[in-house]
Amino acid sequence: MNEEQRLASQQVNQPKTKNEPEKDYSKYFEKVFTAPSLKDAKKRGKEEIKYHKDFDIAEEFAGMGVGRTFYIRTYGCQMNEHDTEVMAGIFMQLGYTATDIIEEADIVLLNTCAIRENAENKVFGELGFLLKYKRKNPEMLIGVCGCMSQEESVVNKILKTYPHVDMVFGTHNIHRLPNILKEAYMSKEMVIEVWSKEGDVIENLPKSRNGSIKAWVNIMYGCDKFCTYCIVPYTRGKERSRRPEEIIQEVRELAAAGYKEIMLLGQNVNAYGKDFEDINYRLGDLMDELRKIDIPRIRFTTSHPRDFDDQLIEVLAKGGNLVEHIHLPVQSGSNEVLKIMARKYTREHFLGLVDKIKAAIPGVTLTTDIIVGYPNETEEQFEETLSLYREVGFEMAFTYIYSPREGTPAAKMVDNVPEDVKKERLHRLNAVVQEYSRKALADLEGEIVEVLVEGTSKRREDVLAGYTRKNRLVNFSAPKELIGQLVKVKVVEATSYSLRGEFIEVVKNEKVDAK
Ligand code: 5AD
Ligand code: SF4
């Protein structure tokens, strides 16, 4: 057991010190709460998924938020960002107003991420901090939702260490937000409502979208892959695909509302449609329909190499609004490590898939996710990851040191890789990642690229910023009226992570330009 695991297990078991008062949390759960269980979350039942369109704000909740404000802080992935949009939509239907000033909010929600220990630690730090605000404003309600709420160890820790939290709810019942809020207003106790088992798919939840240029659209929920390191299949439940007609309708409406780019979301989008019993319809079919919609760009995330099929590649090769950028997490370049991770593909399979994609989509950009320092990863195995990175020529990668997650099979593995070796490997990998990313950007100097202008640069108000189809950040000077438009920009300089360019013109035919 390494230091990180040791600390993690201490948190889980929460051994009592002598001075601590006895508290039987299980009894507490039984009476007042619905508590999470990772063991139950692991189960994959055969029951049919039901689709509902019956979300409505009940009479008893109407106007509950009038004169009150809310603030949601989001951690983690785009799925969480999108859940925040849904919760903001529900808050607004209840009459609440959004605020940017956390101290002044009547309700503060932390929408949390459980993927690595440091993501969780940030949330615990913030909870400590929120106590100060709550002391100043005792009426403030504090809530924890998202993936961390699905873990019993986290709920126990909140009960024990952060009693100023008023409500905890999970990823499967955000539509119950009005009920949970009402309960929290009425109850003196912490309200905990976490479902271990995923519920049905609810189609008509309100959304308060963040911005009017790019939009997220869920295509499926959950993950059945159970990679041995990953907590997601436990926190997000079994795979459930949204019906194609619902997705197509949503994208059409977004296009009509003037959105320019759609990001389709799912934990493992290549499994889309596997759960349909009445139709044979997969991600390739969906993309083939979506490509006919009059919107300039459509992307998806995140892919699993095992389920990435030929039909999808064929459809993506048609281009148009389907961008030539694929995020394809590989995790490791070593067959032994991939096996222990239960990724269910080999290095050779992955390289074969990359060859197919490159042959079908000339100039495609590939990016990836990599974990280093998996339990017992050897130097040779790590070097296979480096060599795979070079062989594929990824343009960018999110890189992580393995973080044990309580309840996953990998957390039980004995690990003989010291922490400093893991850090050093991450460092070496990042040097390669940077080398490739710099080169990819430098290759664009002098080229003309298509940019979707999203706003002004974070650093300078007079500089506009946007992304290319391949998701490269471009900064350039031009009038603010161009925000929200597709423009052509000549790249004059590549820096480490972005491009600097000169504005040329607005793109006239938005659907054709494929740069
Ligand atoms: N430790 C480190 N990285 C992880 N990821 C998922 N689980 C873990 C973990 N336990 C990484 C994977 C995944 C990305 C979203 O997060 O690389 O693709
Ligand atoms: Fe986690 Fe992705 Fe593996 Fe699913 S496919 S278990 S979300 S890493």
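Residues numbered from 1 in each chain as written. Chains lettered and ligands numbered in written order. Predicted model: local features only at pLDDT ≥ 70, side-chain atom pairs only at ≥ 80, totals over all residues. Heavy atoms only, no water.

The name an unreviewed UniProt entry gives the chain is tRNA-2-methylthio-N(6)-dimethylallyladenosine synthase, with Lysinibacillus contaminans as the organism. One UniProt comment on the chain, placed under Subunit (unreviewed entry), says "Monomer." (UniProt positions renumbered as here; feature names shortened; annotations may be inferred.)

Novice: Explain the site of ligand 2 to me, using residue names and the numbers behind them.
Specialist: What surrounds ligand 2 is the set C223, K225, F226, C227, Y229, C230, V232, P233, Q267, H304 and R343. Its residues placed into classes, the shell around ligand 2 shows seven nonpolar, two polar and two charged. (Near = heavy atom within 4 Å. Nonpolar A, V, L, I, M, F, W, Y, C, P; charged D, E, K, R; others polar.)

Novice: Before we move on, could you go through the confidence of the model for the chain and cite the residues and values that matter?
Specialist: Confidence along the chain averages 91 in pLDDT terms, with 92% of residues attaining 70 or more. Overall, residues 1-32 carries pLDDT values under 50, and its contacts beyond four positions in sequence, including any with other chains, amount to 40 contacts. (pLDDT = per-residue confidence, 0-100. Contact = heavy atoms within 4.5 Å.)

Novice: Just give me the short version of the domain arrangement of the chain, but keep the residues and values in it.
Specialist: When cut into domains, the chain gives domain 1 (3-193), domain 2 (211-323), domain 3 (347-442) and domain 4 (448-506). The interface of domain 1 with domain 2 comprises 25 residues on the first partner and 28 residues on the second. Interface area for domain 1 against domain 2, summed over the two sides, is near 2,200 Å², with a carbon-plus-sulfur share of 59%. Taken together, the links from domain 1 to domain 2 amount to three salt bridges. Residue D224 pairs with R44 through a salt bridge whose shortest N-O separation is 2.7 Å. Here domain 1 is connected to domain 2 by 10 residue pairs in polar contact (both at pLDDT 80 or more). Within the residue set of the side of domain 1 that touches domain 2, elements represented by two or more residues are α3 (38-42) and α4 (78-93). The biggest single contributor to the side of domain 1 that touches domain 2 is α4, with seven residues. Per-class residue counts for the side of domain 1 that touches domain 2 are nine nonpolar, seven polar and nine charged. (Domains from an automatic or database assignment. Buried area = accessible area lost by both parts, 1.4 Å probe. Salt bridge = Lys/Arg side-chain N within 4 Å of Asp/Glu carboxyl O. Polar contact = N/O pair within 3.5 Å; in protein donor to acceptor, adjacent residues only side chain to side chain. Helix = DSSP H or I, 4+ residues; strand = E, 2+ residues; numbered from the N terminus.)

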